[in-house]
Each structure stands twice: as structure tokens, then as C-alpha cells.
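So you can see what is in the structure, the chains are spelled out below.
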Amino acid sequence: MSPRDRAAGAEETSPASVNGSASYVYGIVPTDVEVEPGTEGVGEPAGQVRLVSFGQIAALVSDVEADRPLGRPRDLKAHQRLLDLTAAEVPVLPFRFGAVLTDADAVVEELLKPYHDQFADALQEVEGRTQYVVNGRYDEHAILREILRENGEAADLRQQIVGRSEDATRNERMRLGEIIEGTIADKREADTAAVVDELSDVCEQLVVREPAHERDAAHVAALVERGRKDEFEQAVDELARRWSGRVEVRLLGPMAPYDFVGTS
């Protein structure tokens, strides 16, 4: 596994102590980052976040009970909250759901020391940048009207179904569903391309994500320079205005650059 895959991947573990605590890792930051006293992470009670440093890099860590199962919703929220708050201020290489290592020495020996140079280079790549996610979702009624207006077969099938039972129109309903599903997939491809074209000039990189919902019009992650945050948000606002009534556009972020640290 490459260091960048490790930073973006799922939970990694090494044998934890049978009794006592282990070190939970959230992500990698430059060694000169300061953690505000009282910063809380995962666990019940929440562990206090600190740095474990080696050379030019450091791991954000907190202690967890060695035998405590992780993965509860509150743990995931605490993990993401810490990384997103960090990414708003400094470069960070996020672990999607952390790594549990035996102790601070293991964090250095198994993570920081062997991957020091690669992590340092990756941090430079995201320096001064943060991630946003643009999600567009078709309005159910608007997209259905659009499909019926553009597709004669779909309109005819719709008329055949109206006022008749499901059993009597099973074939028509199945065919109409196929048309709607296929048409939305085609429209999603075109609308996603439009989003990429619209935003490519106001961000550093774009990654097209898999749809999160069957009515997604676009699901795109963007790596944005902090100095162009307002410009990027204005471009998204303009897109939302243009699609008003057809597609609901949501902008999520700033957040840790999950989509941009495991792509090579």
C-alpha cells in the first residue's frame, strides 16, 4: 500500500496492547502545526488530540481503549469534524477512518518514519487548498416532466398507466421505469460534464464521484485554493440559480481533501 493510499484508505490496524490504550491516528500534518489544548477526538470519554512528530511531519492522534470497537456514528462524526476543522486552517492528509497503532512509538516507526518523504511531498501538494463537494439532485417532478416532454414513448406509457391498476399495467410501468432510469443516467452524464466545465477555471482539480442517489444530477469533488474560496462559491451559486426548479444544488465544505490524496 502506498503512503497516499494509506492516507485516503479505510482503517488500518496493528496489534494493540491487550490491556490499556492504543493510538488512534486521524491524519498527517506538518510538524509545526499546533493543536489547541482540549481538542477532542473519538471515544467515550473523548480522547484528547495531540501530535506525534517525526522530521517535517506529524500525526494527529488520541488515545483509545485497545479493546474498544470503533465505527460508531459519533466516532465517525468526531473523526470527520476534527479533520475538516484542521483542513480549514492547515494542510492535512486525512485517513478516511483513521488507523489504530499500538502506541506513539509505533506511529513513528510504522507510519511516519517509513513514509516521511512521501507524506511531506503530498502535504506540499495540498498546501493552501481545501476540498468542497458539489452535489446536484434532480427535482423529482421537474425531471419527470422533462422526460415526458422529450420522450414520446415515455409520454404514451404514462397515459396508458393513468387510472389503471398496477397489475393491469405491470409491463407499461416496467418499461416506463427503464426509460426514466436510462434517461436520468444520460442527463447525469451531460450535467456532470457541465459542472466540470463550469468549475474547472475556479479550482485546482476536480474528481467526479459516483452518484450518491438515483436522482443525482452531479456529484463532484473540487480542490480549491483558499484564496479563491469566494470565487468558487460564486460559481456554484450561479450554477444553482441557472438550475433552479430543476436541480437542487448543495455545496459541502470546506473539508479535508479526501478525494485528492489517494489518486496516484
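See the structure shown above.
An account of the accompanying structure is given in this report.

Analysis parameters
- Here, residues in each chain are numbered from 1, in the same order as that chain's written sequence.
- Per-residue local features are limited, in this predicted model, to residues with pLDDT of at least 70; the limit for side-chain atom pairs, both in listing and counting, is 80 or more; totals at the level of whole chains, interfaces and linings are taken over all residues.
- The basis for every side-chain value is the complete set of non-hydrogen atoms in the structure, without hydrogens or water.
- Starting at the N terminus, helices and strands are each numbered in turn, a helix being any DSSP run of H or I of at least four residues and a strand any DSSP run of E of at least two.
- For every residue, the accessible area obtained with a 1.4 Å probe (protein chains only) is divided by the maximum for its type, and the residue is called buried under 20%, exposed over 50%, and partly exposed between those limits.
- Every accessible area reported is derived by Shrake-Rupley at a probe size of 1.4 Å, with residue values counting cover from the shown protein chains alone.
- Think of it this way: Lys and Arg go in the positive column, Asp and Glu in the negative one, and His and the chain ends go nowhere.
- Lysine's charge is taken at NZ, arginine's at CZ, aspartate's at CG and glutamate's at CD.
- Whenever Lys or Arg places a side-chain nitrogen within 4 Å of a carboxyl oxygen from Asp or Glu, that contact is recorded as a salt bridge.
- The axes used here are C-alpha line fits, helices contributing only the stretch in contact, and every angle between their N-to-C directions lies in the interval 0 to 180 degrees.
- Should the near helix be turned counterclockwise from the far one by less than a right angle, the crossing is left-handed, whereas a clockwise turn marks it as right-handed.
- Whether two residues are in contact is decided by their heavy atoms: any pair within 4.5 Å suffices.
- Ten residue types, Ala, Val, Leu, Ile, Met, Phe, Trp, Tyr, Cys and Pro, are classed as nonpolar, four, Asp, Glu, Lys and Arg, as charged, and the remainder, Gly among them, as polar.

### Focus: the overall build of the chain
Helix and strand content of the chain: 8 helices and 9 strands. Dimensions of the chain, computed from C-alpha atoms along their principal axes, come out at roughly 70 × 45 × 30 Å. For the chain, buried positions account for 43% of its 264 residues. Roughly 13,700 Å² of accessible area belongs to the chain as shown, and the carbon and sulfur atoms make up 45% of that amount. Of the charged side chains in the chain, 30 are positive and 51 negative; the average position of the first set lies 6 Å away from that of the second.

### A few points about the pattern of salt bridges
Considering all chains together, one arrives at 20 salt bridges under this definition. Across the pair lysine 113 and glutamate 109 runs a salt bridge whose closest N-O atoms are separated by 3.0 Å. Looking at lysine 113, the relative accessible area reads 39%, which means it is partly exposed. The exposure class of glutamate 109 is partly exposed, given its relative accessible area of 46%. As a salt-bridge pair, lysine 229 and glutamate 233 come within 3.2 Å of each other at their nearest N and O atoms. With lysine 229 and glutamate 233 both in helix α8 (residues 229–242), this residue pair falls 4 residues apart, about one helical turn. With a relative accessible area of 32%, lysine 229 lands in the partly exposed category. On the basis of relative accessibility, which here comes to 22%, the residue glutamate 233 falls in the partly exposed class. Through salt bridges with shared partners, a single network forms among Glu146, Glu150, Lys187, Asp191 and Arg246.

### A look at the packing of helix α6 (residues 152–161) against helix α7 (residues 170–199)
At their nearest, the axes of α6 and α7 sit 9 Å apart, and the two run at 145° to each other. The hand of the α6/α7 crossing is left-handed. On α7, the residues that touch Glu153, Ala154, Leu157, Arg158, Gln160 and Ile161 of α6 are Glu172, Arg173, Arg175, Leu176 and Ile179. Taken together, the residues of the contact of α6 with α7 sort by class into 5 nonpolar, 1 polar and 5 charged.

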